[in-house]
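Here are the chains, one letter per residue:
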Amino acid sequence: MNHKPAILFVCLGNICRSPLAEAAFRKAAAEAGLEAHTDSAGTAAYHVGEPPDPRSIATAARYGIDIAHYRGRQIEAADFARFSHILALDHSNLANIRRIAPDGHTAHVSLLMDMVPGREGAAVADPYYDGEEQFEYTWEDVWRAAQALVARLAAAQ
Ligand code: 4NP
């Protein structure tokens, strides 16, 4: 890859799963010495301008990452030009991303878990209505995917 990869993680609200995916990817990329532009967004506008869910902030903090300064935003058409990879946390987000994608865009759009051998086609479950322990499972999924994505991007450079 000639240019620095630019990765956008997308869930519904941009307060639970995609901030954790962004944090996991930043950590995995830093550990691997991979330079990348990284952000996250939601398909919905419910939580624009808000910090991540306190349960996501606490989960990231357990892994040494401060995400309290992240702020929710909604994916927009310009993101399809800004980002080389747009990774959806689940199938309905993937469908909504594809629905708003401008004609002729060049971003690679896929499910995040497609990065993990044996987990292709899987969703990262929405933890919003669940207890705190579900966020630990969210972290396990996004951390595995982040490591796999970093390995792919590093191999492509
Ligand atoms: P996320 O979780 O998509 O992982 O950020 C959710 C956050 C908010 C809502 C649903 C899911 N909500 O309905 O407000």
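Our structure's up above, just so we're on the same page.
An account of the accompanying structure is given in this report. (Residues numbered from 1 in each chain as written. Predicted model: local features only at pLDDT ≥ 70, side-chain atom pairs only at ≥ 80, totals over all residues. Heavy atoms only, no water.)

**Notes on the overall build of the protein**
- From N to C terminus, the protein includes 5 helices and 4 strands.
- Start at the N end of the protein and walk to the C end: the helices and strands fall as β-α-β-α-α-β-α-β-α.
- Here the C-alpha radius of gyration of the protein, 14 Å, is about what a compact globule of 157 residues would show, namely 15 Å.
- C-alpha extents for the protein along the principal axes are approximately 40 × 30 × 30 Å.
- Summarising the internal contacts of the protein: among those between residues at least 6 apart in sequence, 72% fall at separations of at least 24.
- Each charge class in the protein was averaged separately, 14 positive and 20 negative side chains, and the resulting centres sit 3 Å apart. (Helix = DSSP H or I, 4+ residues; strand = E, 2+ residues; numbered from the N terminus. Rg over C-alpha atoms; globule rule 2.2 N^0.38 Å. Contact = heavy atoms within 4.5 Å. Lys, Arg positive; Asp, Glu negative; His and termini not counted. Charge placed at Lys NZ, Arg CZ, Asp CG, Glu CD.)

**Some details on the site of the ligand**
- Close to the ligand lie Cys11, Leu12, Gly13, Asn14, Ile15, Cys16, Arg17, Tyr46, His47, Asp126, Tyr128 and Tyr129.
- In the model, an oxygen atom of the ligand is placed 3.3 Å from a nitrogen or oxygen of the asparagine 14 main chain.
- Between the ligand and the protein, one listed contact pairs an oxygen atom with a backbone N or O atom of isoleucine 15 at 3.1 Å.
- Considering only residue class, the shell around the ligand consists of 7 nonpolar, 3 polar and 2 charged. (Near = heavy atom within 4 Å. Polar contact = N/O pair within 3.5 Å; in protein donor to acceptor, adjacent residues only side chain to side chain. Nonpolar A, V, L, I, M, F, W, Y, C, P; charged D, E, K, R; others polar.)

Just geometry here; none of it tells us what the structure is for.
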